[in-house]
Amino acid sequence: MTLVADLHIHSRFSRACSRNLTMPNLWAWAQIKGIDLLTVADFTHPFWFKEICEQLEEIDSGVYHLKESFKKNTDIIIPKSCQKEMRFFLSTEISLIYKKGEKVRKIHHIIMSPNLDIAAKINVALEKRGNIRSDGRPILGLDSKELLKMLLNISPDIQLIPAHVWTPHFAIFGSKTGFDSVEECFEELSDHICALETGLSSDPAMNYRISKNDKYVLVSNSDAHSLQKLGREATLFDTEATYPSILNALRKDHQKVKGTIEFFPEEGKYHADGLRDEQLCLDPKETKELNFTSPYSGKKITVGVLHRIDDLADRRQDKKSASVKPYWSIIPLQEIIGEILGVGVNSKKAQAKYFDLIEKIGSEFYILKDATISEISKFDEIMGLAIKRMREGNVIIKPGYDGEFGVIKLFSEGEIGERSQMKLKL
Ligand SMILES: [Zn+2]
């Protein structure tokens, strides 16, 4: 059975996150999206941890159901077409700031816990090292290696995964505050790292260019700050939905990681180089020609993920390589609807269309990845064409840079208007 898993999101107790991120809403939206296994996130936060303990019950090793009595507390009704057995498991994100090698390091890591008892022990240990109460993603002044050592002392079944590894400001390989390799960061404990989260701005083909990372399994997750963004990236596992099975796939049996669901990496907000304030978007070659400095203000240009990978790469890009696991590049369904209707992604019109489609066809992942084009076209011809183009990679790209999201479009300027006019004439 293939499981769609999202190992990294946030709760409403993390900074800049939606108030609607409650456990019942997560349970409902995971099904709408087509997710089988969703992290509860932010288990280090005392209020959220209390909710986790009250509202979930363990149904198998390290995986949890929402208790029956909380299922009616959702903001929406889950369409029949999407209802499935959804399980929660425990992982959380920690932000570290520390100095190593004369450089300030700012790095985010995902921590997976085998169960609630171990999560409680992690919380006790972290509380001694900093403030875990003010933010669901706490900032601690701990060295990555120290954190990992501390976690392994609590339980060998805890897994640390470096998060969104290429993000310039907050990642293990980030251009601003990161390292060039896992070994530089974790030294003699490096063997305990088995997976890397690629983040929105890179995909497996880009990561393939660095051969020293071949030994790591690549995972993708949404890092969602709102319900609508759950599963915008995800990892596919061919395992049972239990913590030991997922851990085994990540650590030993990499064949059981079937691949990933990905953004087009250009849509990520750190793909290209540039400066957001100056609307300056550059490719790596242009940045080098400008000597990393803005020609307008003299400010230092933020080096994006494409450039950073280019610098560390020892292979040319080759999307067909056998060693790259399958991956599906998608555009979130709300964005496709927004483009077709010419309205904002969060508008009432787009929302209504979204629910109409999933009610008739199935969950968002089913529509984006699995449904046949004729199945979609039966309900909406232009949507069928849009999904076909997306699956073929036939897209129009404006890359993201320096914190500004990129834009991926499926239709050229005026094309949708022309198509609907032609239809009226027929
Ligand atoms: Zn992060």
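Look up a bit, the structure's there.
J.: Help me understand the overall build of the protein in this model?
T.: Of the regular secondary structure elements, the protein holds 15 helices and 17 strands. Its C-alpha atoms give the protein a radius of gyration of 21 Å, within 12% of the compact-globule value 22 Å for 426 residues. With respect to the principal axes defined by its C-alpha atoms, the protein has extents near 70 × 60 × 40 Å. Within the protein, the proportion of its 426 residues that are buried is 57%. On the protein, roughly 18,400 Å² of surface is accessible, and the fraction owed to carbon and sulfur atoms is 50%. When the 59 positive and 61 negative side-chain charges of the protein are each reduced to one mean point, those points stand 2 Å apart.

J.: Sorry, what's going on with the coordination of the zinc ion here?
T.: Metal coordination angles have textbook ideals: 109.5 degrees for a tetrahedral set of four donors and 90 or 180 degrees for an octahedral set of six. Surrounding the zinc ion are the protein donor atoms Glu93 (OE), His108 (ND1) and His164 (NE2), which sit 2.0 to 2.3 Å from the metal. We note that the donor set of the zinc ion lies within a single chain, spaced as E-x14-H-x55-H. One end of the pair, His108, is in strand β6 (residues 103–113); the other, His164, is in the loop between β8 (159–162) and α5 (182–186), and 56 residues separate them in sequence. His164 matches His108 in its accessibility class, with the two residues each being buried.

J.: Teacher, can you tell me more about the packing of aromatic side chains here?
T.: What the rule picks out here adds up to 6 aromatic pairs. Summarising the aromatic geometry, the rings of Trp29 and Tyr354 are spaced 6.3 Å apart at their centres and angled 20° between planes, so their arrangement reads as stacked. You can see Trp29 sitting in helix α1 (residues 23–33) and its partner Tyr354 sitting in helix α11 (residues 348–360), a full 325 residues away along the chain. For Tyr354, a relative accessible area of 1% translates into the label buried. Measuring from centroid to centroid gives 5.9 Å for Trp29 and Phe355, while their planes differ by 75°, and the two rings are edge-to-face. Taken together, the residues Trp29 in helix α1 and Phe355 in helix α11 connect sequence positions 326 residues apart. Members of the aromatic cluster, joined through ring pairs, are Phe13, Phe47 and Trp48. Seen from the ring of Phe179, Arg105 lies directly overhead, with NZ or CZ sitting 4.0 Å from the centre. When the ring centre of Tyr208 is taken as origin, the NZ or CZ atom of Arg315, which lies over that ring, is 4.2 Å away.

J.: Sorry, what's going on with a nonpolar patch on the surface here?
T.: A surface patch of nonpolar side chains, about 230 Å² in accessible area, is lined by Ile97, Val104 and Ile139. By the secondary structure assignment, Val104 is in strand β6. On the basis of relative accessible area, Val104 is assigned to the partly exposed category, the value being 41%.

J.: I would appreciate a short explanation of the nonpolar core in the present structure.
T.: A general trend in soluble globular proteins is that nonpolar side chains are found buried together. Residues Leu26, Ile52, Phe88 and Ile336 are the most contacted members of the largest nonpolar core, which totals 100 residues. Element by element, the count of residues in this core is highest for α1, at 7 residues. Filtering out sequence-adjacent residues up to four positions away, Ile52 remains in contact with Met23, Val40, Ala41, Phe43, Leu90 and Leu116.

J.: Help me understand the pairing of strand β5 (residues 87–100), please; the structure alone is not making it clear to me.
T.: The two faces of the sheet receive side chains in turn, since in a regular strand these alternate between them. Extensive coverage of β5 is indicated by the burial of 12 of its 14 residues. Sheet topology note: the strand β2 (residues 37–39)/β5 ladder contains 3 bridges and is parallel. Each residue of the ladder has a partner; that of Thr39, found in β5, is Phe89. Looking at chain direction, β5 and β6 are connected through 11 bridges and run antiparallel. Note that in β6 the partner of Lys99 across the bridge is Val104.

Rules behind the numbers
Residues numbered from 1 in each chain as written. Predicted model: local features only at pLDDT ≥ 70, side-chain atom pairs only at ≥ 80, totals over all residues. Heavy atoms only, no water. Helix = DSSP H or I, 4+ residues; strand = E, 2+ residues; numbered from the N terminus. Rg over C-alpha atoms; globule rule 2.2 N^0.38 Å. Buried < 20%, exposed > 50% of the residue type's maximum accessible area, 1.4 Å probe, protein only. Areas by Shrake-Rupley, 256 points an atom, 1.4 Å probe, with all protein chains shown as cover. Lys, Arg positive; Asp, Glu negative; His and termini not counted. Charge placed at Lys NZ, Arg CZ, Asp CG, Glu CD. Donors = N, O, S within 2.8 Å, 3.2 Å for Na, K, Ca; no water. Phe/Tyr/Trp six-rings, centres within 6.5 Å; stacked < 30°, edge-to-face > 60°. Lys NZ or Arg CZ within 6 Å of the ring centre and 35° of its normal. Patch = residues over 30% accessible without salt bridge, like charges linked within 9 Å, V, L, I, M, F, W, Y side chains within 5 Å. Salt bridge = Lys/Arg side-chain N within 4 Å of Asp/Glu carboxyl O. Core = buried A, V, L, I, M, F, W, Y, C linked by side-chain atoms within 4.5 Å. Contact = heavy atoms within 4.5 Å. Pairing = 2+ DSSP bridges.

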